[in-house]
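One-letter residues, chain by chain:
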Amino acid sequence: ASSAPSDRATAELAHKLPFSVFRSNYNELPVYHDYRNGRTRQLTLVRKFTGDADELARRLRDVCGSSDVAVRTGRIEIKGLHREKVKEYLASLGF
């Protein structure tokens, strides 16, 4: 019973943000690891979002402590492996 007000507050916060992140068909947040260049380049990808991609990238840059965040068509690429931090942050925003 005590979690209802915090759930409501979290949902209201998510509606006020300039971006939105949708969950996958399996109800998971769309945050993935990707390896390129013979596994020497490690990336975290965020997909299935709408709204202000630059604002979402700025917030993810703050969360990950990484200055190398690139907005691409249909995804945001973050240098390094930050999947768990990004998932926790998005879940705390109510997504």
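Our subject is the structure listed above.
Reference entry: report on the structure contained in this document.

Focus: the pairing of strand 5 (residues 69-72)
- Examined bridge by bridge, strand 5 and strand 6 (residues 75-79) share four bridges and lie antiparallel to one another. Its bridge partner being in strand 6, Ala70 is matched across the sheet by Glu77.
- Connecting the antiparallel pair strand 5 and strand 6 is a turn made up of two residues, with Gly74 showing a positive phi of about 85°.

So, the nonpolar core
- Counting residues in each nonpolar core, the largest one holds 20 residues, and the members touching the most others are Leu56, Leu60, Ile76, Ile78, Val86, Leu90 and Phe95.
- Of all the secondary-structure elements, those providing two or more residues to this core are strand 1 (19-21), helix 2 (53-64), strand 6 and helix 3 (83-92).
- With five residues, the top contributor of residues to this core is helix 2.
- Not counting the four nearest positions on each side in its chain, Leu60 is found in contact with Val46, Ile76, Ile78, Val86 and Tyr89.

Looking at the side chain of His82
- Along the chain, His82 falls in the loop between strand 6 and helix 3.
- Look at His82 and you get buried, because its relative accessible area is 12%.
- Among the polar contacts listed, one links the side chain of His82 to the backbone oxygen of Lys79, at a separation of 3.1 Å.
- Setting aside its immediate chain neighbours within four residues, His82 contacts His33, Thr44, Cys64 and Ser66.

What to know about helix 2
- Taking 1.5 Å per residue as the helical rise, helix 2 with its twelve residues ought to reach 16 Å, and the 16 Å between its terminal C-alpha atoms agrees with that figure.
- Close packing links the buried residues of helix 2 with strand 1, strand 3 (41-47), strand 4 (49-51), strand 5, strand 6 and helix 3.
- Of the residues flanking the start of helix 2, the one acting as N-cap is Asp52, its side-chain oxygen 3.3 Å from the backbone nitrogen of Asp54.
- One or two residues past the end of helix 2 sits Gly65, with phi positive at roughly 70°.

Notes on the sheet that holds strand 6
- Sheet architecture is open: four strands sit in the order 2-3-6-5, paired in antiparallel fashion. Two strands lie at the open edges of the sheet, namely strand 2 (31-36) and strand 5, each paired on one side alone. Recorded for the sheet is a direction-independent mean angle of 25° between the axes of neighbouring strands.
- Direction of pairing for strand 2 relative to strand 3: antiparallel, over a ladder of six bridges. Each residue of the ladder has a partner; that of Tyr32, found in strand 3, is Leu45.
- Contacting strand 3, strand 5 and strand 6, helix 2 runs over the sheet at an angle of about 25° to strand 6.
- Along the sheet, helix 3 makes contact with strand 2, strand 3 and strand 6, crossing strand 2 at roughly 160°.

The rules behind each value
Residues numbered from 1 in each chain as written. Predicted model: local features only at pLDDT ≥ 70, side-chain atom pairs only at ≥ 80, totals over all residues. Heavy atoms only, no water. Pairing = 2+ DSSP bridges. Helix = DSSP H or I, 4+ residues; strand = E, 2+ residues; numbered from the N terminus. Core = buried A, V, L, I, M, F, W, Y, C linked by side-chain atoms within 4.5 Å. Buried < 20%, exposed > 50% of the residue type's maximum accessible area, 1.4 Å probe, protein only. Contact = heavy atoms within 4.5 Å. Polar contact = N/O pair within 3.5 Å; in protein donor to acceptor, adjacent residues only side chain to side chain. Expected span 1.5 Å × (residues − 1). Axes fitted to C-alpha atoms, helices over the stretch in contact; angles between N-to-C directions.

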